[in-house]
Amino acid sequence: MSRIPRTGLLVLGGVVVGMQAAVAYELEHIDLNAIELGGELGRRIDVTVKNNLLAVDVDADFIKPFQERSQTDGFIGLGMYIDGLARLAFHTGNADAIARKEHVVAAALATQEDDGYIGLMKPEARIAKLWDVHEMAYIVLGLTSDYALFGNEESLAAAKRLADYLVNNLTDNPPPGCFEGDLSPEMGVTGLGDALIYLSRQSSDAKYRDFCVDVLKIGEWRKPIVKGRFWPIDGHVYAYIDKCLLQLRLDPEHKNTALQAMSDDVMQFLLNGEGLTISGAVSDHECWHDTQAGLNNLGETCASVYMLKFYDELLRQGGDPLFGDLMERTIHNTLFGAQSPDGRQLRYYTPFEAQRVFFDKDTYCCPNNYRRGVADLPKYVVYRTARGILLNLYTPCTVNTVLQDGTRVTLTQATAYPSDGVVNTRISLDGEKAFDLGFRIPRWCGNASVKVNGAATEAVCDRGSICTIARTWKSGDEVELTFPMALRLVKGRRSQAGRVAVMYGPLVFGLSKERNEGMEAIPPRLLTMDVDSLEGPFPDDSVHPGGLSCAVGVWDPGQWYPGPVSRRLELTEFADPGVEAAYFVVANPEDARLVDDELIAGR
């Protein structure tokens, strides 16, 4: 599967419209404080900061174990917490978040020992015991983020001392020999390479990057996709994608095909090997699976967050808008489904064929990676290109950024997407400037249209492409992008064969028994949907402002059909905490109205 599609241009009415993706290695992140988000993305950032990051007992749960240093195993996730907190504080400018970040960083630095160690463990348990290296790696990363965003020189110095402690100890006793337990050796160093490459870039010290190549042997790491969870764990999605990301970041210009091979294997497995589920989740009990089942341990939050990082890297390096489609499917369903609507509670797993439960701690990897995942959202919305700007995700936002030649541009996006398919973008700048403005056209939308300053162009941007408008822009220019939207019935595969999921744009709808009386004793998997009765979507603010629901008739288990349906069900967005069924049996699995999942079809 090529990750570097070619660029094709079409000239219509004086407007150059790009019908394919941007060229490789041209997409850049904009600064975290250059964008203000509204809509559900902005709301999730707000509730994560106010009701989660600032609501945890940070001194008791996060700082105290590092002050005591009395453990022989365990994991807290302090560095992950610092990283998410620093980036969200910087993005939002929230004074309380900034004060909390300064307090946590100062407390962490006060625990650093003379040899550089910051951690939980007794001296005899350090390095060799899981998850000591994992913990330290993310502390390096979190402190480096504090330096990169807030200029804290003490954080950089502490990160270097801790990194030196890791490098020195792991060089003398390199993995896998230094770890005990039944887990694969790669799991214990998850996050280490990412932290060291980040630190190498921020400190301009090549030794940290060299360690990733010479000791961790990231350039040589190649493993097959192993499905299922069994001992030793060898198919861990989070650990696997962590290594893929490192290889991609070591080779951003695609000069070494060996460093792309594992990433290509992942995408082959997801799109052609049934590894991608309808909600965007890819893991079961933390490991690769291809059954399409959505049971208790589906969708580990760490795996979902790292898949988003992976898609972002592939989009920036290769330009294929498919990765933007994968991002929005994962964000609006699995990611947001892993958090309570008020932001306070977080999940380890987010299934769609079982009751969901919230994790009982604020510490550990999944809660902290969720916070980091939400901190990533601003950088996924808009990218700077060699010739202009690409809008990847659609949400109300204001973007103040500069083009590569230094021209300052403000974009204001007004939309109710994904509840509605109209996206209005207003351009503000001094004077006039020629640049490209690109829009990702989702693969589910076959007839998107574009207007510039109210005038229809003849351009119809193909599904699954980037539609690029190249012109001389002036302040006040407006672009209206329209995605016609309707409910669709998406065919299930493998364990979901003969069943359908209801979707609207990137949104998956599901059944919550709490929202439907009389369903307590009925297994949702045994219901049969009357596809002729599907109605909606309807406005529904019960899960989040501007949300949606829909309605459908079903036949109860054992009831003959056709005939009157047994009951009508309300289906709500996947992020509804009560959702426990996303697929329904249909009487005619060959019904022409049923469609393939657009992310899978044609790959």
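Nothing here was measured: the structure is a model prediction, and the numbers come from that model.

What counts, and where the lines are drawn
- Residues numbered from 1 in each chain as written.
- Predicted model: local features only at pLDDT ≥ 70, side-chain atom pairs only at ≥ 80, totals over all residues.
- Heavy atoms only, no water.
- Core = buried A, V, L, I, M, F, W, Y, C linked by side-chain atoms within 4.5 Å.
- Buried < 20%, exposed > 50% of the residue type's maximum accessible area, 1.4 Å probe, protein only.
- Contact = heavy atoms within 4.5 Å.
- Axes fitted to C-alpha atoms, helices over the stretch in contact; angles between N-to-C directions.
- Helix = DSSP H or I, 4+ residues; strand = E, 2+ residues; numbered from the N terminus.
- Parallel < 35°, antiparallel > 145°, perpendicular 65-115°, else oblique.
- Left-handed = near helix turned anticlockwise from the far one by under 90°.
- Expected span 1.5 Å × (residues − 1).
- Polar contact = N/O pair within 3.5 Å; in protein donor to acceptor, adjacent residues only side chain to side chain.
- Salt bridge = Lys/Arg side-chain N within 4 Å of Asp/Glu carboxyl O.

Caption draft 1: Representation of the nonpolar core within the structure. With 183 residues, the main nonpolar core has Leu-192, Ile-241, Leu-270, Phe-310, Tyr-311 and Phe-483 as its most contacted residues. The contact partners of Phe-310, leaving out residues within four places of it in the chain, are Ile-241, Cys-244, Leu-245, Leu-248, Ser-263, Val-266 and Met-267. Within the second largest apolar cluster, 11 residues are counted, among which are Leu-298, Phe-352, Ala-501 and Met-503.

Caption draft 2: Focus on the packing of helix 8 (residues 192–203) against helix 9 (residues 206–214). Where helix 8 contacts helix 9, the two axes come as close as 7 Å, and the packing angle between them is 150°. One element, helix 8, and the other, helix 9, form an angle in the roughly antiparallel class. Where helix 8 crosses over helix 9, the two elements pack in a sense that is left-handed. Between helix 8, through Leu-192, Gly-193, Leu-196, Ile-197, Leu-199, Ser-200 and Ser-203, and helix 9, the contact on the second element is made entirely by Ala-206, Tyr-208, Arg-209, Phe-211 and Cys-212.

Caption draft 3: Inspection of helix 6 (residues 153–172) at higher detail. Its 20 residues give helix 6 an end-to-end C-alpha distance of 29 Å, which sits within 8% of 28 Å, the value for a rise of 1.5 Å per residue. For helix 6, every residue scored as buried is listed here: Ser-155, Leu-156, Ala-158, Ala-159, Leu-162, Ala-163, Tyr-165, Leu-166, Val-167 and Leu-170. Summarising the contacts, the buried residues of helix 6 are in contact with helix 4 (95–110), helix 5 (132–150), helix 8 and helix 9. Its side-chain oxygen 3.0 Å from the backbone nitrogen of Glu-154, Asn-152 forms the N-cap of helix 6.

Caption draft 4: How the structure looks around the pattern of salt bridges. Under the counting rule described, the total for this entry stands at 48 salt bridges. The residue Asp-540 makes a salt bridge to Arg-515 at a minimum N-O spacing of 2.8 Å. Here Asp-540, found in the loop between strand 20 (528–539) and strand 21 (548–555), pairs with Arg-515, found in the loop between strand 19 (507–512) and strand 20; they are 25 residues apart in sequence, far enough to count as distant. Relative accessible area serves as the criterion here: at 11%, Asp-540 is assigned to the buried category.

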